[in-house]
Amino acid sequence: MEERLAQAATCLPLEIRRRLEALRPADQRSCEEIRLRIGQPLQVSRQGKEHILDGYVLRPEDITDTFARASEYSIHTHADSLREGYLTLRGGHRIGVCGQMAVQNGEALSFRCISSLNIRIARQHKGVACEALMRQLEENGRLYSTLFLSPPGRGKTTLLRDMARQLSDTGIRTALADERSELAALYGGVPQFDIGRHTDVMDGCPKAEAAMMMLKTMSPQLLVLDEITSDADLYAAEYASHCGVAVLASAHAWDLDDFRLRPLYQRLLDRNIFTKIFCIEADRHVTRVV
């Protein structure tokens, strides 16, 4: 089986792994997700589309066994991330979890039962941030705060990770606020992706809080925030800019017009934090819009 697929599939029952092994090598390499839903056929996602693997219908015990292996038989160890609906595996792979939640005072506590799992296969694509793009981040030795706009699924996290890696490897002290373990994917304190030699990571903490802590304790030259989604994130980016720290960030939007329609992002524009704004197009071409 293809290496990254095999690593992500280690938590799966043997019968499911065998069906993945039977896929053509090209399909294994292009596999993005493995989807398990009780009572439904096993499915894999390639290029954003789900494909049914005939002949196997998921049983409740398949979900239970997979979840137990993924959590290393210690749900309490992963309680914080599970409240957010996911687990991080060795190698940076990630399992999305759905089912019935136990809720108290309006807050999710834990899963009562699990109905479906989505294993996202993590692959690092070094060099996706091309030299021409990297040159636009710096001018005359100055690193500019830069924002990337994209809807889900166009590779903005992959792009941010690669830019952070390249900038860090030039000697720039980089602070990575990795709230959902997507940029560095710490496992036992070790980044599962190459994020550069001069990068510090705060994992599993709300990114605004992580950013503020690192700005005050790690003296970064660059702060990386994946997905600005709240006023707290906006404040952290603004605080960094006032401290002379460049900010590399992303936001959910189809384009600049869509971005400007949203009140939070309009406030972000009004702060003049970002000197340069780029859009990631459907073909993943990156175009500067500001």
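Structure: above.
Since this is a predicted model, take the numbers as computed values, not measurements.

### Notes on the overall build of the chain
- The secondary structure content of the chain amounts to 11 helices and 17 strands.
- Its C-alpha atoms put the chain at 60 × 45 × 40 Å along the principal axes.
- Taken across its 290 residues, the chain has 48% of its residues classed as buried.
- Total accessible area on the chain is roughly 14400 Å²; 47% of this is exposed by carbon and sulfur atoms.
- Across the chain, the 37 positively charged side chains and the 39 negatively charged ones have centroids separated by 2 Å.

### Remarks on helix H8 (residues 207-217)
- Buried within H8 we find Lys-207, Ala-208, Ala-210, Ala-211, Met-212, Met-214 and Leu-215.
- Looking one or two residues beyond H8, the residue adopting positive phi is Ser-219, at roughly 40°.

### Things to note about the state of the cysteines
- A full pass over the atoms with the stated rule returns zero disulfides.
- Cys-113 takes part in no disulfide bond, and the closest cysteine sulfur, belonging to Cys-98, lies 11 Å away.

### Comments concerning the sheet that holds strand E14 (residues 222-225)
- Strand order in the open sheet formed by seven strands is E13-E10-E14-E15-E9-E16-E17, and the pairing between neighbours is mixed. The sheet terminates laterally at strand E13 (199-203) and strand E17 (286-288), the two strands that pair on one side only. Averaged over all pairs of adjacent strands, the angle between their axes in this sheet comes to 20°, without regard to strand direction.
- Of the pairings in the sheet, the one linking strand E16 (residues 276-280) to E17 comprises three bridges and is antiparallel in character. From the neighbouring strand, Ile-280 faces E17, where its bridge partner is Val-286.
- Where helix H7 (residues 156-169) meets the sheet, it contacts strand E9 (146-150), strand E10 (174-178), E13, E14, strand E15 (246-252), E16 and E17, and its direction lies at approximately 170° from that of E15.

### So, the pattern of salt bridges
- Across all of its chains, the model carries 22 salt bridges by this definition.
- Residue Arg-19 pairs with Glu-15 through a salt bridge whose shortest N-O separation is 3.3 Å. A residue pair is termed a helical-turn pair when its members lie 3 or 4 positions apart in one helix, as Arg-19 and Glu-15 do in helix H2 (residues 14-21) at four residues.
- Given the relative accessible area of 26%, Arg-19 is considered partly exposed.
- A residue is classified by how much of its surface remains accessible, and Glu-15, at 31% relative accessible area, is partly exposed.

### Section: the side chain of Thr-66
- Inspection of the secondary structure puts Thr-66 in helix H4 (residues 60-70).
- Classification of Thr-66 as buried rests on a relative accessible area of 0%.
- Ignoring any residue separated from it by four or fewer positions in sequence, one finds Thr-66 in contact with Cys-11, Leu-12, Pro-13, Leu-36 and Leu-117.

### Notes on the side chain of His-93
- Summarising the element assignment, His-93 is placed in the loop between strand E4 (86-88) and strand E5 (94-104).
- A polar contact of 2.8 Å, which involves the side chain of His-93, links it to the side chain of Gln-7.
- A distance of 3.0 Å separates a polar atom in the side chain of His-93 from the backbone nitrogen of Ala-122.
- When near neighbours in sequence (up to four residues on either side) are disregarded, His-93 contacts Arg-4, Gln-7, Ala-8, Leu-87, Thr-88, Arg-120, Ile-121 and Ala-122.

### Looking at a negative patch on the surface
- Taken together, the side chains of Asp-255, Asp-257, Glu-281 and Asp-283 present a region of like negative charge at the surface.
- Secondary-structure assignment places Asp-283 in the loop between E16 and E17.

### Describing the nonpolar core
- Core analysis: the largest hydrophobic core is formed by 32 residues, its most contacted members being Leu-147, Leu-149, Leu-223, Leu-225, Phe-259, Leu-268 and Phe-274.
- In terms of residue count, H8 provides more of this core than any other element does, six residues in total.
- Discounting chain neighbours no more than four positions away, the residues touching Leu-268 are Leu-147, Ile-228, Leu-234, Phe-259, Ile-273 and Phe-274.
- Counting residues in each nonpolar core, the second largest holds 29 residues, with Ala-9, Ala-70, Ile-114 and Ile-119 among its members.

About the criteria used
Residues numbered from 1 in each chain as written. Predicted model: local features only at pLDDT ≥ 70, side-chain atom pairs only at ≥ 80, totals over all residues. Heavy atoms only, no water. Helix = DSSP H or I, 4+ residues; strand = E, 2+ residues; numbered from the N terminus. Buried < 20%, exposed > 50% of the residue type's maximum accessible area, 1.4 Å probe, protein only. Areas by Shrake-Rupley, 256 points an atom, 1.4 Å probe, with all protein chains shown as cover. Lys, Arg positive; Asp, Glu negative; His and termini not counted. Charge placed at Lys NZ, Arg CZ, Asp CG, Glu CD. Disulfide = S-S within 2.5 Å. Pairing = 2+ DSSP bridges. Axes fitted to C-alpha atoms, helices over the stretch in contact; angles between N-to-C directions. Contact = heavy atoms within 4.5 Å. Salt bridge = Lys/Arg side-chain N within 4 Å of Asp/Glu carboxyl O. Polar contact = N/O pair within 3.5 Å; in protein donor to acceptor, adjacent residues only side chain to side chain. Patch = residues over 30% accessible without salt bridge, like charges linked within 9 Å, V, L, I, M, F, W, Y side chains within 5 Å. Core = buried A, V, L, I, M, F, W, Y, C linked by side-chain atoms within 4.5 Å.

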